[in-house]
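These are the residues of each chain, in order.
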Amino acid sequence: MDPAVTSLAQSAGTTLVTLMAADAWQRTRDGFAQLWRRMQPERAEAVVAELEAGREDVLAAVTAQDQQTLDELRLQWQGFVRRLIVARPDAVAELRRLLDELDPGGSAARQIEITQHATASGQARVYQAGRDQRIAER
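What counts, and where the lines are drawn
Residues numbered from 1 in each chain as written. Predicted model: local features only at pLDDT ≥ 70, side-chain atom pairs only at ≥ 80, totals over all residues. Heavy atoms only, no water. Helix = DSSP H or I, 4+ residues; strand = E, 2+ residues; numbered from the N terminus. Buried < 20%, exposed > 50% of the residue type's maximum accessible area, 1.4 Å probe, protein only. Contact = heavy atoms within 4.5 Å. Areas by Shrake-Rupley, 256 points an atom, 1.4 Å probe, with all protein chains shown as cover.

## Things to note about the overall build of the protein chain
- Counting its regular elements, the protein chain contains five helices and zero strands.
- Secondary structure elements in the protein chain, listed N-terminal to C-terminal, are α-α-α-α-α.
- The burial tally for the protein chain puts 36% of its 138 residues in the buried class.
- Pairs at least 24 residues apart make up 64% of the contacts formed inside the protein chain by residues separated by at least 6 positions.
- A total of about 8,900 Å² of accessible surface is found on the protein chain, and carbon and sulfur atoms cover 47% of it.

## Looking at unusual backbone geometry
- Backbone geometry at glutamine 65 places phi at a positive 55°, although glycine is not the residue there.
- Its place among the elements puts glutamine 65 in the loop between α3 (44-64) and α4 (67-87).

Without other data, these values stay purely geometric and don't point to any function.
If you want it as structure tokens, here you go:
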């Protein structure tokens, strides 16, 4: 799987679940519904139903401070979006545009591409991270 597709799906899932509990929910729902109606019209109504059910789950999880459920919902939507992109690669540009509209500051939908290469030999160790890393060796 293309890392850019995976990253975009992750950003979309995170943005969507975050906005499910926000004031921008209606605009978010409409944007994702329109995306599916254009890209996979045969699945659009099922996705809209999932959006509504997902929002109820998100609101309940936020109220209960249930981080595990929120994480599961992010993964669920990442999967939905990834499958859409795989089936319809032309959805990538439209999805990016939608994420930019929904999250104009880019905080949730920011695309960061990290490429790392390392070579180790002998007793050498390599530690790489795309972000925070903690190493506790003794």
